[in-house]
Amino acid sequence: MEKIEQEIKSLTEVLNQYNYQYYVLHRSPVSDYEFDQLLKKLQHLEASYPHLAQPDSPTQRVGGVVTKDFASVQHQYPMLSLGNTYDEQELRDFDARVHKGLEGEAYEYFCELKFDGVSISLIYENGHLVRAVTRGDGQQGDDVTNNVRTIKTIPLKVSSADLPPKFEVRGEIFMPKKVFEQLNREREDIGEEKYANARNTASGTVKMQDSAEVAKRKLDCFVYYLLGENLPYATHAESIQALQNWKFNVSPTFKACKNIDEVLDYIRSWDKKRHELPLETDGVVIKVNSISQQQLLGYTAKSPRWATSYKYKAESVSTRLNSITYQVGRTGAITPVAELEPVFLAGTTVKRASLHNANEIERLGLCEGDYVFVEKGGEIIPKVTGVDVSKRKGDAKKIQYLTHCPECGTELQREPGEAQHYCPNYNGCAPQITGKIEHFIQRKAMNIESLGEQTIKQLYERGLVKSAADLYALTKDQLLTLDKTKEKTATNILSGIAASKDTPFESVLFAIGIRHVGKTVAEKLAWHFQSVDTLSKASKEDLLKAPDVGEKIAESVLEFFKDEKNKIEIQRLRDAGLAMETKQTSYEASSSILGGKSFLISGVFKNYEREQLQELIQQNGGRIVSSVSGKLDYLVAGENMGPSKKEKAEKLGVKIIDEDTITQMLKG
Ligand code: IVH
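This text gives an overview of the structure that appears in the document. (Residues numbered from 1 in each chain as written. Predicted model: local features only at pLDDT ≥ 70, side-chain atom pairs only at ≥ 80, totals over all residues. Heavy atoms only, no water.)

**Quick word on the pairing of strand β10 (residues 281-288)**
Of all eight residues making up β10, seven are buried, and the element is well covered by its neighbours. Bridge count for strand β3 (residues 109-115) against β10 is seven bridges, and the pairing is antiparallel. By the bridge assignment for β10, Glu-112 is matched with Val-285. Pairing between β10 and strand β11 (residues 307-311): five bridges, direction antiparallel. Along β11, the bridge assignment pairs Val-284 with Tyr-310. (Buried < 20%, exposed > 50% of the residue type's maximum accessible area, 1.4 Å probe, protein only. Helix = DSSP H or I, 4+ residues; strand = E, 2+ residues; numbered from the N terminus. Pairing = 2+ DSSP bridges.)

**Points about the side chain of Thr-67**
With respect to the element layout, Thr-67 can be found in the loop between α2 (32-48) and β1 (72-74). Residue Thr-67 is classed as buried on the basis of its relative accessible area, which comes to 12%. Leave out the neighbours within four places in its chain, and Thr-67 touches Asn-146, Gln-209 and Asn-607. (Contact = heavy atoms within 4.5 Å.)

**Observations concerning unusual backbone geometry**
One non-glycine residue with positive phi stands out, namely His-356, at about 65°. Mapped onto the secondary structure, His-356 falls in the loop between β14 (348-354) and α11 (358-364). For His-356, a relative accessible area of 43% gives the class partly exposed. The backbone phi angle of Gln-530 is positive, close to 70°, even though this residue is not glycine. With respect to the helices and strands, the residue Gln-530 is situated in the loop between α17 (519-529) and α18 (532-537).

**With respect to the packing of aromatic side chains**
Centre distance and the angle of the planes are the two values used to describe a pair of aromatic rings. Applying the stated criterion across every chain, the model contains 19 aromatic pairs. Ring centres of Tyr-299 and Trp-306 lie 6.2 Å apart, and the angle between their planes is 85°; this geometry places the pair in the edge-to-face category. Classification of Tyr-299 by relative accessible area gives partly exposed; the value is 43%. Residue Trp-306 is classed as buried on the basis of its relative accessible area, which comes to 4%. Between Phe-560 and Phe-561 the ring centres are 5.1 Å apart and the planes differ by 85°, which places this aromatic pair in the edge-to-face class. Given the relative accessible area of 13%, Phe-560 is considered buried. Note on Phe-561: relative accessible area 6%, which makes it buried. Chaining the aromatic ring pairs together yields one cluster made of Tyr-124, Phe-167, Tyr-233, Trp-246 and Phe-248. The cationic tip of Lys-287 hangs over the ring face of Tyr-225; the distance from NZ or CZ to the ring centre is 5.7 Å. (Phe/Tyr/Trp six-rings, centres within 6.5 Å; stacked < 30°, edge-to-face > 60°. Lys NZ or Arg CZ within 6 Å of the ring centre and 35° of its normal.)

**Comments concerning the site of the ligand**
Taken together, the neighbourhood of the ligand is formed by 14 residues, with Glu-112, Phe-115, Ser-119, Glu-172 and Tyr-224 sitting nearest. Ser-119 has a polar side-chain atom sitting 3.1 Å from an oxygen atom of the ligand. Side-chain polar atom of Glu-172 to an oxygen atom of the ligand: 2.8 Å apart, as the coordinates give it. When the ligand is considered free in solution it has 530 Å² of accessible area, and contact with the protein chains removes 91% of it. Those elements that place two or more of their residues in the shell around the ligand are β3, β8 (220-227) and β10. Counting residues per element, the shell around the ligand draws most heavily on β3, at four residues. (Near = heavy atom within 4 Å. Polar contact = N/O pair within 3.5 Å; in protein donor to acceptor, adjacent residues only side chain to side chain. Areas by Shrake-Rupley, 256 points an atom, 1.4 Å probe, with all protein chains shown as cover.)

**Some remarks on empty space enclosed by the protein**
For the coordinates displayed, the defined rule picks out two cavities of 30 Å³ or more. The volume enclosed by the largest cavity comes to roughly 80 Å³. Around the largest cavity sit 13 residues that line it, and Asp-116, Met-175, Ala-198, Arg-199 and Glu-280 are the ones nearest its centre. Counting only elements with at least two residues in the lining of the largest cavity, the list comes to β7 (166-174) and α6 (198-206). (1 Å grid on protein atoms, 1.4 Å probe; cavity = no way out; pocket = protein on both sides within 12 Å on 5 of 7 lines; lining within 4 Å. Points joined across faces, edges and corners; volume = space filled by probe spheres on them.)

**Let's talk about the pattern of salt bridges**
Counting across every chain of the model gives 25 salt bridges. In this structure, Arg-352 and Glu-339 form a salt bridge, with 2.8 Å as the shortest nitrogen-oxygen distance. With Arg-352 in strand β14 and Glu-339 in strand β13 (residues 334-345), the pair connects residues that are 13 residues apart, well separated along the chain. Assessed through its relative accessible area of 39%, Arg-352 is described here as partly exposed. Taking the relative accessible area as the measure of exposure, Glu-339 reaches 18% and is therefore buried. A salt bridge links Arg-462 to Asp-483, with the shortest nitrogen-to-oxygen separation between them at 3.1 Å. Placement of Arg-462 in the loop between α13 (453-461) and α14 (476-480) and of Asp-483 in the loop between α14 and α15 (487-499) is noted, with a sequence separation of 21 residues between them. (Salt bridge = Lys/Arg side-chain N within 4 Å of Asp/Glu carboxyl O.)

**Overview of the sheet that holds strand β19 (residues 634-637)**
Pairing is parallel in the open sheet, where four strands are placed in the order β18-β17-β19-β20. Either end of the sheet is taken by a strand with one partner, and the two such strands are β18 (623-624) and β20 (655-657). When strand β17 (residues 598-602) meets β19, the two strands line up parallel, connected through four bridges. Paired with Phe-599 across the strands is Tyr-634, a residue of β19. Against the sheet, helix α22 (residues 610-619) touches β17, β18 and β19, its axis set at about 170° to β17. (Axes fitted to C-alpha atoms, helices over the stretch in contact; angles between N-to-C directions.)

**Points about helix α9 (residues 260-273)**
In a regular helix each residue adds 1.5 Å, so 14 residues correspond to 20 Å; α9 covers 20 Å between its end C-alpha atoms and thus fits that length. Looking only at α9, the buried set comprises Ile-260, Val-263, Leu-264, Tyr-266, Ile-267 and Trp-270. Buried residues of α9, seen end-on, are gathered within an arc of 155° and therefore sit on one face of the element. Two or three places before Asp-261, at the opening of α9, Asn-259 has a side-chain oxygen 3.1 Å from that residue's backbone nitrogen. (Expected span 1.5 Å × (residues − 1). Arc of directions from axis to C-beta.)

**Remarks on α22**
Here α22 has its buried residues at Gln-612, Leu-613, Leu-616, Ile-617 and Gln-619. Looking straight down α22, one finds its buried side chains confined to an arc of 165°; they lie on one side. The secondary structure elements touched by the buried residues of α22 are β17, β18, β19 and α24 (659-667). Phi for Gly-621, located one or two positions after α22, is positive at around 85°.

Right under this line is the structure:
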């Protein structure tokens, strides 16, 4: 036993060390493969000897704890806001107040960037992270510890000889820009609406109920403030140094400044460079460095007198609107795009910006040849914010919105109440057809990776494929007529197409590409109606009874199945061997921790909705049953469980477990 304990401890330590080197220092001490092997070994040992698992085990980073209501916690030190300054003069005024407050004593500043994320308070006791609390109203916030544990750069345990027994670290949780962009790409792929900006997405993520989901979102955290009783540090710089020594993730962008002129230099030096950082920054935080001087200056009701922030102006540039082009999506939706004279803005060259729809063009009042202002705020996507009217010529003509499809010439339509124009030539307009096929083959749909955008375009142009169903009739000889397509590629394409016939109905339904039916909605529809036949016959009332289905989706499904051409296409796909039904009614198991055991859920639970607990059990390889019998493996007892069920279970010798036990079991 001692040997196993030793092994668990040393694996924990080694993996935590690798994590730190990788995520904080950005070095790769071992390959991903080696890391995963060690982690698996540790997971395995912990599963067999749960009582030996260390509180700082890296296995906690994968999450799995579900919190329904976050407990409200009082902050020991209120989380105050900061005063703002917007120009040099206001900053010099702040400096004059500090100078006056310190009655002629010499002082220094410490500058950091102001990170635009979600502020967090991390409480450590005896080196262990015991609590993580959101800012809330500044006096009390939400306990989000389980979610925060999944953030790899936040130490779960700190060991150092000079560690205070209790301390608090403040920082900013954020979603790195790259992670945010990737997440949005994935959402776009599966037909879900994109998130507006990284900050709000990080904030939503911190409050998700399932920490396993949080773990997947790859949040990060920069820390910038150490608090506690009788800490031995004379300056903020020393406390930041201590945080770095204790392996916290401190952004290396800070600088001690001798006076306000150096502060201004710092501000200027980061104005452009800050866009290269992994997160949005909206300014600079300026702190008096000496902690005794901070105490001397004290606080107003809202913010410290010893610190302020300088806010960068949202960068805005003026550039020429060369033209407006119109894109046709797979559903026929038309998106106008501003083609701009290339201009450098906040770290990248901007050439185009979406204008969304005709209303937006109207709102901006765009004229031909206009100069427009382009901004990138918290959003990474450039936006046209207005017209530089001073540069407009007297006879400038108002932009007339397109009336006919730029691809097929069909007259555009606009439904009452909809912002978007559509090209109604769904089965004859080239980008709609190829767009639909691209949607059909994507990973989360039929997953035919051997086919790419270019191949589809060629297949369409040569008249070989006019709809998704045509893919299943392709021959090798036909494929060999395509550019750059040799024997091996052709074989690959054909085997990819053949393999896609095993795709489950949920994904087929998503692949078919009904407007407004994204991946999640397709799953819900599939589970609710079980087959394409039932779905196609469903009335509006039937549709509205399905989970997650509202007016818009119901209308769209009805519309789709009204069209004879769509019915024929579905029949052809069915004939090709695609699944048009399912027996499943909820999520497929993603782990087999519960090994096919049967569960009956009864009563109410603190941390779960009943349906949610059922789903979690099913996802982890358990089965849900609805009555107590001798074959039942576990009765999961919540509060107010019916006494007859309990009695029967006891009589039949069924194991009765409570909420904590099932939570432990789900963690494996
Ligand atoms: S220090 C009492 N440093 O800005 C001063 N705050 O408006 C404590 N923030 O709620 C804050 N970057 O969430 C500090 N380098 C930084 C910061 C920073 C971002 C946030 C923080 C705070 C808000 C104040």
